[in-house]
Amino acid sequence: MTTRLNATISLTEPADLIAAVPHMLGFHPTHSLVVLTLYDLAETPTFGVTLRTDLPCPMGVCGFGEHLLDGPLGHRQIEAVILVVVGEKTSSAACGDACAGRCQSLERSTVDDRDIGAPHADLIEVIRDAFHRAGVVTAHALWVPEIRAGAEWECYADPGCSGVIADPRGSAVGAALAAEGAVTFGSRDELRTLVAPESDEALARWSAKLDLLAEERAEGYDPGKVARDVRTVFAAIERVGSGAALTEDDLLRVLVAVSDTRVRDVALGTALGDAARAAEELWLTLVRKAPDPELPEVAALLAFSAYLRGEGVLASAALERIERAQPDHRLGILLRQAIEAGISPADLAVIARDAAEDAQIMLEEDGAW
């Protein structure tokens, strides 16, 4: 994911870096490797993409550095990285059969097995070596069991480099993000509740109302329907932005409107303008209320908007909803591939702008405007 904060904040102490990690991700990671990328080292070192991944089991350590470079990090102009390991040592028994047969050449005992120094030192060694061969400097490698006030951290390179984390809630990064309206969640699961569906009863009620709306809309040919749907969506976004409440019928009509991919493609452009926050608030409300048949298009709008703001985890959570409801959803697949390939929000913004313009041209050629 991209770093969520676009501001200048000086982070010079390892403890400050660790305390900033939850805010840069949007949640408190556990059992994780976090890679903070850096560029412009010759001038003012600047954070780039922030990557979080589960810690591999012992037999999955070999080649893990190449795995990272083959993914999103391989598409970035990275000069250096700061590695932060969050979690106690991994039990090989807990890994199950997932790593069976992998990395058979890793015959030496790991630091984890010897209980000497910070856990997962073998993982850091493998990653540092792979990054070095790729021309990427490992500026720092740190370990902490969990990111909380009073947790003790250690440095992999220097046993004398250690300390205690202050309360992450007091982090300068956290304060700056809070001022921008961003939220840092206690865990990924807590963040996923943002996009979780409402009760079965509520979904059933919405499903019945959507069926009635579909019957109404199916009566007769209406060449101006798409244009009215676009106006309905943008009027709703404007009302959300002004603080006005939308009725349930308003929300239902917006959900039906964006279920048309032509309207959805025009609505993608809302992530690029001043109405982006209001539009995302509307998409988030609808994602929680939408039954599965109507979910994918509005969830794609939410995922796209969140990713452009640097909220990669929220975007991924929205895509997970699509993947459960409609695994072959084309835009959902494309967005997932873009995130996993590390395509920047700026590049995705160009795609969205083109899609919105193409959709408007098609509507104008159909005489619907």
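Note that this is a predicted model, so its numbers are computed, not measured.

Peer 1: Where do I start with the sheet that holds strand β6 (residues 162–164) in this structure?
Peer 2: Whenever strands of a sheet pair, they do so through backbone hydrogen bonds, lying parallel or antiparallel. The six strands lie next to each other as β2-β1-β3-β4-β5-β6, forming an open sheet whose pairing is mixed. Lying at the two open borders of the sheet, with one neighbouring strand each, are β2 (46–54) and β6. Sheet twist, expressed as the mean angle between neighbouring strand axes with direction ignored, is 20°. Two elements, strand β1 (residues 32–39) and strand β3 (residues 80–86), share seven bridges in a ladder whose sense is antiparallel. By the bridge assignment, Thr-37 is partnered in β3 with Val-81. Along the sheet face, helix α1 (residues 14–25) touches β1, β2, β3, β4 (137–144), β5 (152–155) and β6 and points at about 75° away from the line of β2.

Peer 1: So what exactly am I meant to see when it comes to unusual backbone geometry here?
Peer 2: Excluding glycine, residues mostly have negative phi values, and the peptide bonds linking residues are mostly trans. Residue His-31 is not a glycine yet carries a positive backbone phi of 45°. Looking at the secondary structure, you find His-31 in the loop between α1 and β1. Among the residues examined, His-31 registers a relative accessible area of 34% and is labelled partly exposed. One non-glycine residue, Asp-40, lies in the positive phi region at around 60°.

Peer 1: For this particular structure, what's the right way to read the pairing of β3?
Peer 2: It is a general feature of regular strands that their side chains alternate between the two faces of the sheet. Counting buried residues in β3 gives seven out of seven residues, a clear majority hidden from the surface. Pairing geometry for β3 and β4, over seven bridges, is parallel. Bridge pairing in β4 places Ile-82 opposite His-140.

Peer 1: Help me out: how do you make sense of the pairing of β4 in this one?
Peer 2: Sheet topology places β4 next to β5; two bridges connect them, and they run antiparallel. Within the sheet, the bridge partner assigned to Trp-143 lies in β5 and is Glu-154.

Peer 1: What exactly am I supposed to notice about the nonpolar core here?
Peer 2: Considering soluble globular proteins, one finds that nonpolar side chains tend to be buried as a cluster. Counting residues in each nonpolar core, the largest one holds 82 residues, and the members touching the most others are Trp-153, Val-233, Leu-282, Trp-283 and Leu-286. The element best represented in this core is helix α12 (residues 295–308), accounting for 11 residues. Residue assignment places this core across two domains, with domain 1 (14–185) and domain 2 (192–215 + 222–366) each supplying three or more. The contact partners of Trp-283, leaving out residues within four places of it in the chain, are Val-233, Ile-237, Val-254, Val-258, Ala-267, Thr-270, Val-298, Leu-301 and Leu-302. Counting 26 residues, the second-largest nonpolar core is a separate cluster that includes Leu-55, Val-61, Leu-68 and Phe-131.

The rules behind each value
- Residues numbered from 1 in each chain as written.
- Predicted model: local features only at pLDDT ≥ 70, side-chain atom pairs only at ≥ 80, totals over all residues.
- Heavy atoms only, no water.
- Pairing = 2+ DSSP bridges.
- Helix = DSSP H or I, 4+ residues; strand = E, 2+ residues; numbered from the N terminus.
- Axes fitted to C-alpha atoms, helices over the stretch in contact; angles between N-to-C directions.
- Contact = heavy atoms within 4.5 Å.
- Buried < 20%, exposed > 50% of the residue type's maximum accessible area, 1.4 Å probe, protein only.
- Core = buried A, V, L, I, M, F, W, Y, C linked by side-chain atoms within 4.5 Å.
- Domains from an automatic or database assignment.

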